[in-house]
Amino acid sequence: MGAGAGDADGGGPRGWPSCAGAHDMALPCLGHPRAHRVRILPGELRPPQAPTRADLVLTNCSFLHSLNLKMEVDYVMGLIERTIRDNIDEYARNGIRMHVIGDPSRRPASLQNAAREAEEMTRNNSQLHLMLATCYSGRWDIVRACRELAGEVQGNLLMPEDIDESLLASKLATGVAGEFSCPDLVIRTSGEVRLSNFLMWQSAYSELYFTDTLWPDFGEAEYLQALTSFQNRERRFGQRNA
């Protein structure tokens, strides 16, 4: 089961303190330590006791904020890097495989290095696949995948008629998760009722769960409520009722 969670706009949780110097708007602080702790779940991720497979996608920083709030983005990128480095040994011990997805050209080199080290150290793990989306955009993801396919066609490695949904999906950033690349459940916190350019292709048939709870306050009880809501739904994947 895949779950996309977080404030997909990339901004900090609505209603939390603003960062100094955040222009004229009272924008939530991306770098609030508690918000970041809950977003990345350091020390709290544990593989399931039963031999099951789970995938979790967390989003932290989108294109919009990476364009407009450089000071805050630089700060939160540093927090992400430190969190990865501080917790990677525990992720490795607990069978958690980690990937950082999004536009690498918009991330600091030090964060890129931390991401590569984490991916290499955990590449053989299979209990839980944690994908952290930083500088990620659903539209960017689709455009990048299309460009890769176009390059293969231009290089005579692929015929246009061979391109189908499965092939395009494999070229998306989440393609590393294989058959688990499309989340069953997308959780959107902080009272916003939109996907905000997050996993646009992958969430086509996902169940959506919206909550007024702010992301730093979203804990186990709220997560269980989301799962209960999911269990009570009838999934049709575009089909009519039986």
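Under an unreviewed UniProt entry, the chain has the name Alkyl transferase and belongs to Sorghum bicolor. Under the UniProt heading Sequence similarities (unreviewed entry), the entry covering the chain gives this text: "Belongs to the UPP synthase family."

Moving on: the overall build of the chain. When helices and strands are tallied, the chain shows seven helices and six strands. From first element to last, N terminus to C terminus, the chain shows the α and β order β-α-β-α-α-β-α-β-α-α-β-β-α. For the chain, the share of sequence-separated contacts (at least 6 apart) that also reach a separation of at least 24 residues comes to 74%. For the chain, the accessible area works out to roughly 12,400 Å², and carbon and sulfur atoms hold 51% of it.

Here we come to the layout of surface pockets. One number sums up the size of the second largest pocket: a volume of about 270 Å³. Cys182, Trp201, Gln202, Ala204 and Tyr205 are the residues nearest the centre of the second largest pocket, which is lined by 13 residues in total. Along the lines of polarity and charge, the residues of the lining of the second largest pocket split into seven nonpolar, three polar and three charged.

A full pass over the atoms with the stated rule returns twelve salt bridges. Among the ionic pairs, Arg85 bridges to Glu81, the shortest N-O distance being 3.4 Å. With Arg85 and Glu81 both in helix 3 (residues 70–93), this residue pair falls four residues apart, about one helical turn. The closest approach of N and O atoms between Asp184 and Arg235, which form a salt bridge, is 2.8 Å. With a gap of 51 residues between them, Asp184 in the loop between helix 6 (165–171) and strand 5 (185–188) and Arg235 in the segment after helix 7 (220–231) connect regions that are remote in the sequence. Residue classification places Arg235 among the partly exposed residues on the basis of a relative accessible area of 23%. Through salt bridges with shared partners, one network takes in Asp141, Arg144, Glu148, Glu152 and Lys171.

As a further point, take the side chain of His129. Tracing the chain through its elements places His129 in strand 4 (residues 128–136). Here His99 takes part through its side chain, which lies 2.9 Å from a polar atom of the side chain of His129.

The relation between two aromatic rings is expressed through the spacing of the ring centres and the mutual angle of the planes. One pass over the structure, following the stated rule, counts three aromatic pairs. A ring pair is formed by Tyr136 and Trp140, whose centres lie 6.1 Å apart and whose planes are at 80°; its orientation type is edge-to-face. For the residue pair Tyr136 and Trp140, the accessibility class agrees, reading buried in each case. Summarising the aromatic geometry, the rings of Trp215 and Phe218 are spaced 5.7 Å apart at their centres and angled 40° between planes, so their arrangement reads as tilted. By the burial criterion, Trp215 is buried, and Phe218 matches it. Through successive ring pairs, a cluster of aromatic residues spans Tyr136, Trp140 and Phe198. If you follow Arg144 out to its NZ or CZ, it ends over the ring of Trp140, 5.4 Å from the centre.

Residues Glu207 and Tyr209 line the buried face of strand 6 (residues 207–210), whereas the alternating positions Leu208 and Phe210 sit on a face that is not buried. Note: strand 5 against strand 6, four bridges, orientation parallel. Within strand 6, the residue paired with Val186 across the bridge is Leu208.

A cluster of nonpolar residues, Val193, Leu208 and Phe210, forms a patch on the protein surface that exposes about 250 Å² of accessible area. With respect to the helices, strands and loops of the structure, Leu208 is situated in strand 6.

What follows deals with the nonpolar core. Residues Met77, Ile80, Ile84, Tyr91, Met98 and Leu130 are the most contacted members of the largest nonpolar core, which totals 18 residues. Elements represented by at least two residues in this core include exactly helix 3, strand 3 (96–101), helix 4 (109–122) and strand 4. The dominant element in this core, judged by the number of residues it contributes, is helix 3, at six residues. Counting nine residues, the second-largest nonpolar core is a separate cluster that includes Ala133, Tyr136, Trp140 and Leu199.

Calculation criteria
- All residue numbers refer to positions counted from 1 along the written sequence of the respective chain.
- Confidence filtering applies because this is a predicted model: local features only for residues at pLDDT of at least 70, side-chain atom pairs given and counted only at 80 or more, and all residues used for totals across whole chains, interfaces and linings.
- Note that water and hydrogens are dropped before the side-chain values are worked out from all heavy atoms of the structure.
- UniProt positions are given in the numbering used here, feature names are shortened, and annotations may be inferred rather than shown by experiment.
- Starting at the N terminus, helices and strands are each numbered in turn, a helix being any DSSP run of H or I of at least four residues and a strand any DSSP run of E of at least two.
- Contacts were defined at the residue level, with two residues in contact if any of their heavy atoms lie within 4.5 Å.
- Each accessible area value is a Shrake-Rupley result obtained with a 1.4 Å probe; residue values ignore everything except the protein chains displayed when judging cover.
- Lining residues are defined by having an atom within 4 Å of a point belonging to a cavity or pocket. Those points lie on a 1 Å grid over the protein atoms alone, cavities being sets where a 1.4 Å probe fits but cannot get out and pockets being open sets with protein on both sides within 12 Å along at least five of seven lines.
- Grid points are joined across faces, edges and corners, and a volume is the space filled by probe spheres set on the points.
- Charged means Asp, Glu, Lys or Arg here, nonpolar means Ala, Val, Leu, Ile, Met, Phe, Trp, Tyr, Cys or Pro, and polar covers whatever is left, Gly included.
- In what follows, salt bridge is the name for a side-chain nitrogen of Lys or Arg lying within 4 Å of a carboxyl oxygen of Asp or Glu.
- Burial here depends on accessible area, computed with a 1.4 Å probe over protein chains only, as a share of the maximum for the residue type. Under 20% is buried, over 50% is exposed, and the range in between is partly exposed.
- Here a polar contact means two N or O atoms within 3.5 Å. Within protein one must be a hydrogen donor candidate and the other an acceptor candidate, and residues neighboring in sequence count only if both atoms are side-chain atoms.
- Between rings of Phe, Tyr and Trp, where Trp is taken as its six-membered ring, a pair exists when centres lie within 6.5 Å; planes separated by under 30 degrees are stacked, by over 60 edge-to-face, and by other angles tilted.
- Any Lys NZ or Arg CZ found within 6 Å of a ring centre and within 35 degrees of that ring's normal is scored as a charge over the ring.
- Whether two strands pair comes down to DSSP finding at least two bridges between them.
- Surface patches are drawn from residues lacking salt bridges whose relative accessible area is over 30%; two like charges belong together within 9 Å, two nonpolar side chains (Val, Leu, Ile, Met, Phe, Trp, Tyr) within 5 Å.
- Among buried residues, the Ala, Val, Leu, Ile, Met, Phe, Trp, Tyr and Cys ones that are joined through side-chain atoms within 4.5 Å form a nonpolar core.

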